[in-house]
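# Chains, contacts and geometry: an overview
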Amino acid sequence: MSAAEQALESGDAVPLSLRGPAPTRVVAGYGFWLFLLSDIIIFGALFAAFAVLCGETAGGPTAADLFDKKHVLIETACLLASSVTCGFGSLAVQSADKSSTYFWMAITFILGATFLILEVSEFSHMLSIGAGPSRSAFLSAFFTLVGTHGLHVTMGLCWLVVMLFQVATLGFQPMVSRRFFCFGLFWHALDIVWIGVFTIVYLGAHL
Amino acid sequence: MSTEIEAQGMAPGANVYTHGTRQSYLVGLGYAVILTLASFWASSSDLIYSPGVPILLAVLAIAQMGVHLVFFLHISSAPDQTNNILALAFGVFVVGLLVFGSMIIMAHLNHNMMPMDRLIQMQR
């Protein structure tokens, strides 16, 4: 924090036009932030589709019949805890501490995988009682929205494994810690999307 | 952080991402847990005037998104974050247009559509 403040204070003396290019970390972080925002716009479109279609059950099961609140609370807890352990992991990456990076990121992976297993078991249960995506417009919208989120979590887990291999082989080069920084942003953004999912899809079902 | 910037030979005033400490993550976790439990409680409680529950849920969700942005994604109003804030504001604007626009338009269409049984009668 003191380094950041120092840099900012000295930056005020230098005009913007003379400061030169921003460091790669800032540029990469900003570019990834723009990607995340466009990803959130995709989710916004899926949320809009779900909000429009959530009443169109075509005589099939409704949201209140299908969703179990306790199940969702456990899923939410997994994702929230994994967000915090991911934060601890990125602190470990900054201090170039290999063993605690492995420790926190392994916990992040386990919690993310637990979330995915819970979600897949929910989906397979719904499929087995004939509430698949082809049953009604409501269920199509549900599987698209929640499935896209689950797909993002899956991609995040793959990315995490790749990053752990990069730490093992390349060490904490600036390149690797930059990628880890972007992974952290991605993982936290997924958690933000999940807040929307559990509020609108699961809690909205019981109103 | 500072060593990396020095190693790259950056100009002074190069903006730096501020990172949280372990404590700030825990504070964020605390807020997030409280808000999550509150919204789960509010959705099933009889204590709250029931037409107000969706509004309460929306408020709790937006508050929790704010907590995540500040404590986990470290978005702040610091001068080096102006670009991030502007991009975020634009993203929120587009998402708002998309979601509320779709809902208003589809509600209008639903409202103006002939009831389905009469539509089927007309086709006979």
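Since we're looking at a predicted model, the values are computed, not measured.

The helix and strand inventory of chain B stands at 5 helices and 0 strands. Its helices and strands taken in sequence order, chain B reads α-α-α-α-α from the N to the C terminus.

Grouped together as the largest cluster of nonpolar side chains are 65 residues, with contacts concentrated most on A:Phe47, A:Phe50, A:Phe142, A:Leu145, A:Val197, A:Phe198 and A:Val201. Elements with a contribution of two residues or more to this core: helix H2 (24-53), helix H4 (69-94), helix H5 (98-128), helix H6 (137-170) and helix H7 (174-203) of chain A together with helix H2 (22-44), helix H3 (53-72) and helix H4 (82-112) of chain B. Top contributing element to this core by residue count: H7(A), with 16 residues. With sequence-adjacent residues up to four places away left out, A:Phe198 is seen in contact with A:Val72, A:Thr76 and A:Leu203.

Once that is clear, we can look at the confidence of the model for chain B. As a note on interpretation, predicted positions should not be read in detail where pLDDT is low. With 85% of its residues at a pLDDT of 70 or more, chain B shows a mean pLDDT of 81. Quick note on the complex model: pTM equals 0.85, ipTM equals 0.84.

Moving on to unusual backbone geometry. The phi angle of most residues is negative, glycine excepted, and most peptide bonds adopt the trans form. Unlike most non-glycine residues, A:Ala58 shows phi in positive territory, near 55 degrees. Its location among the elements puts A:Ala58 in the loop between H2 and helix H3 (63-66). Positive phi is not limited to glycine here, since B:His74 has a value of about 55 degrees. Following the sequence through the fold, B:His74 ends up in the loop between H3 and H4. With 20 C-beta atoms packed within 10 Å, B:His74 lands in the buried category.

Among the structural elements, B:Ser102 can be located in helix H4. The spatial distance from the C-alpha of B:Ser102 to the C-alpha of B:Ala42 is 27 Å, given a sequence separation of 60 residues. Sequence-distant contacts of B:Ser102, that is, excluding residues within four places in its chain, are made with A:Ala48 and A:Val52.

Looking now at the environment of A:Phe115. Residues and elements named next belong to chain A. Locating Phe115 in the fold gives a position in helix H5. Judged by local crowding, Phe115 falls into the buried class, with 25 C-beta atoms found within 10 Å. Residues Phe115 and Leu207, 92 residues apart in the sequence, show an inter-C-alpha distance of 25 Å. Those residues within four positions of Phe115 in sequence are excluded, and the remaining contacts are Glu75, Cys78, Leu79 and Val153.

What follows deals with the packing of H2(B) against H3(B). Residues and elements named next belong to chain B. Running from N to C, H2 and H3 point in directions that differ by 170 degrees, and their axes come no closer than 9 Å. Judged by the angle between their axes, H2 and H3 are roughly antiparallel. In terms of crossing hand, the pair formed by H2 and H3 is left-handed. Residues Ser24, Tyr25, Val27, Gly28, Tyr31, Ala32, Leu35, Thr36, Ala38, Ser39, Ala42 and Ser43 of H2 lie in contact with H3, whose contacting residues are Val53, Leu56, Leu57, Leu60, Ala61, Ala63, Gln64, Val67, His68, Phe71 and Phe72.

Rules behind the numbers
- Residues numbered from 1 in each chain as written.
- Chains lettered and ligands numbered in written order.
- Predicted model: local features only at pLDDT ≥ 70, side-chain atom pairs only at ≥ 80, totals over all residues.
- Helix = DSSP H or I, 4+ residues; strand = E, 2+ residues; numbered from the N terminus.
- Core = buried A, V, L, I, M, F, W, Y, C linked by C-beta atoms within 7 Å.
- Buried ≥ 20, exposed ≤ 12 C-beta atoms within 10 Å, placed from the backbone.
- Contact = placed C-beta atoms within 7 Å.
- pLDDT = per-residue confidence, 0-100.
- Axes fitted to C-alpha atoms, helices over the stretch in contact; angles between N-to-C directions.
- Parallel < 35°, antiparallel > 145°, perpendicular 65-115°, else oblique.
- Left-handed = near helix turned anticlockwise from the far one by under 90°.

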